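Coordinate inspection notes
Spelled out from the first residue to the last, the chains are:
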Amino acid sequence: MGSGSSVDAAEAAKNATDEDIQKALDNMPEEKKAKAVAALASKKAGPKAEKKASGDQTVAIIYYSMYGHVEGMAQEIKKGLEKGGVSVDMFQVPETLPDDILKMMGAPPKNPDVPTLDMEMVTKLHEYDGFMFGIPTRFGMMCAQMKAFFDMTGGHWMKQSLAGKPAGTFVSTATQNGGQELTHMQTLSCLVHHGLMYVPFGYQGGGPMFSVDEIHGASPWGASTLAAGDGSRKPSEMELQMANLQGEKFADAVKRTKTAEVSRKCKVGLVYYTYGHIKKMADEIAKAVEAEGVEVVKYQVKETLDEGVLTAMGAPPKSEDKVIEHANLEELLACDGIMVGVPTRFGQPASQIKSFWDSTGGLWQAAKMVGKLGASFVSTGTPQGGQETTHFTHLPNFVHHGMIYVPLGSADPSLLSMDELHGGSPWGASTYAGATGTRQPSEIELKIAAVQGKTFAAKVKLMAV
């Protein structure tokens, strides 16, 4: 057979329908059929998932895309990352829906040029310097396919082999305000348990992000697009522009983690509100940070309650630490990282902490906090009374400022101890005050606070700008 015939045959095979393929298999001898089925399965699975990009820093874009919206954003993120000077590998997560369901849903074929992550490649994710996760929304949270992927990463969680690496998110939702923020936010739990640093977009997109002249995605959490209820809307020019810019800005954060420690002395600001418990945690954190050669300045936020009310509540006198208020907010700009000590009120930060953040609008408007590192530590009255949700609901303050969130992760064995009641979570150090406030931070809680201080100081020394 001549070469022209071979080309014609190859083209015919390429364009063959499922029905054509099935007829060919039915007419094929049994000894050849098994090999043909295996070859078809291999072709359908696409290229082998492996690390291909090379460079000083390499980022993995990991996404799921049913209709192509997230994939389109991922391609633009890739361009931005490469513009920012890092190498990129793209992966699709495995599909969990059968082909017949996908056909009923009108889903187009997957991009055959982007490999699907297999378990072998998942075990090698620690070889990457950073991750961008592309996530479609289902009912305001990540789709099942992305959750199934994160569930595959338990081995990395046990070893904390991804801890300290930067991660970002970009999303697609069907409707306006139908997960444009919550899909990012809900994904944070997976990142925090791995100890991954969260690098939000902030408002670095500038004017287009503030525009109310057109329908558009993009939030302080990350780039996004709106697909419409029937999936007919494609990413707009503005949305693709924001995706490209997020990739470029994320590349800057990745490169900061791969440089030598800064030569100058770094500074961490500890901002807190307390009835005594948070102050003890702050002092323990401060000692650990200073032991790493990082300067610490402690600030207590301004009290908003009258003295009479404080007396009636049995609140102790305030410490001698400087009060941070609107008049001296600019002092925070000299800090390379800010750790916030947050007492819990009904599973959320106390109003005094909220008042502090509300006073930082000028810093937000001028984007003066973008790129600084942030972390939190908390106190609750009871177990499971805000030990996680206080960190979680405090996080948007960092995100809107464009600050990089540094969780504690699960590296310290004390967090896994079941020998005694204790605070501490992958989000950060914490303590229980008891319903009457009489319980004081335990030895293990203070130890976890010290570990968080040491961990945060190490990142500050590496990433200070």
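None of the values given here were measured: they were computed from a predicted structure. (Residues numbered from 1 in each chain as written. Predicted model: local features only at pLDDT ≥ 70, side-chain atom pairs only at ≥ 80, totals over all residues. Heavy atoms only, no water.)

Description of the nonpolar core
Generally speaking, soluble globular proteins have nonpolar side chains that are buried together. Judged by nonpolar contacts, the single largest core of 59 residues is most densely connected at Ile 62, Phe 131, Phe 133, Met 146 and Phe 149. Here this core gets five residues from one element, more than from any other, and that element is helix α9 (residues 182–194). For Phe 149, the contacting residues outside a window of four places in its chain are Ile 62, Val 93, Leu 117, Val 122, Leu 125 and Phe 133. (Core = buried A, V, L, I, M, F, W, Y, C linked by side-chain atoms within 4.5 Å. Buried < 20%, exposed > 50% of the residue type's maximum accessible area, 1.4 Å probe, protein only. Helix = DSSP H or I, 4+ residues; strand = E, 2+ residues; numbered from the N terminus. Contact = heavy atoms within 4.5 Å.)

Digging into the confidence of the model for the protein
In this model, the protein carries an average pLDDT of 90, and 90% of its residues clear a pLDDT of 70 or more. Taken together, the stretch residues 1–14 has pLDDT below 50 and engages in two contacts with residues farther than four places along the chain or on a different chain. (pLDDT = per-residue confidence, 0-100.)

Focus: a nonpolar patch on the surface
On the surface, a cluster of nonpolar side chains totalling about 320 Å² of accessible area is made up of Tyr 67, Met 104 and Met 105. Tracing the sequence through the fold places Met 104 in helix α5 (residues 99–104). (Patch = residues over 30% accessible without salt bridge, like charges linked within 9 Å, V, L, I, M, F, W, Y side chains within 5 Å. Areas by Shrake-Rupley, 256 points an atom, 1.4 Å probe, with all protein chains shown as cover. Salt bridge = Lys/Arg side-chain N within 4 Å of Asp/Glu carboxyl O.)

Describing unusual backbone geometry
Within the chain, Gln 160 stands out as a residue other than glycine whose phi angle is a positive 55 degrees. You can see Gln 160 is positioned in the loop between α8 (154–159) and β5 (166–173). For Phe 346, which is not glycine, the phi torsion reads 55 degrees and is therefore positive. Assignment of secondary structure puts Phe 346 in the loop between β11 (337–345) and β12 (348–349).

A short note on the UniProt feature "domain: Flavodoxin-like" (unreviewed entry) in the protein
Using the residue numbers shown here, the UniProt feature "domain: Flavodoxin-like" (unreviewed entry) corresponds to residues 59–250 and 267–456. Between the C-alpha atoms that bound residues 59–250 the distance is 10 Å, and the span itself is 36% helix and 18% strand. As a span, residues 267–456 carries 32% helix and 21% strand, and end to end its C-alpha atoms are 11 Å apart. (UniProt positions renumbered as here; feature names shortened; annotations may be inferred.)

Thoughts on the packing of helix α4 (residues 69–83) against helix α11 (residues 237–256)
The contact between α4 and α11 brings their axes to 7 Å, and the two run at 40 degrees. On the basis of the axis angle, α4 is oblique to α11. Classified by chirality, the crossing of α11 by α4 is right-handed. Of the residues in α11, those touching α4 at Gly 72, Met 73, Glu 76, Ile 77, Lys 79, Gly 80, Leu 81 and Lys 83 are Glu 239, Leu 240, Ala 243, Asn 244, Gln 246, Gly 247, Glu 248, Phe 250 and Ala 251. (Axes fitted to C-alpha atoms, helices over the stretch in contact; angles between N-to-C directions. Parallel < 35°, antiparallel > 145°, perpendicular 65-115°, else oblique. Left-handed = near helix turned anticlockwise from the far one by under 90°.)

Some words on the pattern of salt bridges
When charged atoms on two side chains of opposite charge get close, those side chains can pair. Per the stated rule, a full pass over the model turns up 23 salt bridges. Among the ionic pairs, Lys 302 bridges to Glu 325, the shortest N-O distance being 3.6 Å. Here Lys 302, found in the loop between β9 (295–301) and α13 (307–312), pairs with Glu 325, found in the loop between β10 (322–324) and β11; they are 23 residues apart in sequence, far enough to count as distant. Glu 303 is paired through a salt bridge with Lys 318; the nearest N and O atoms lie 2.7 Å apart. With Glu 303 in the loop between β9 and α13 and Lys 318 in the loop between α13 and β10, this residue pair connects regions lying 15 residues apart in the sequence. Connected through shared salt-bridge partners, Lys 279, Asp 283, Lys 298 and Asp 321 make up one network.

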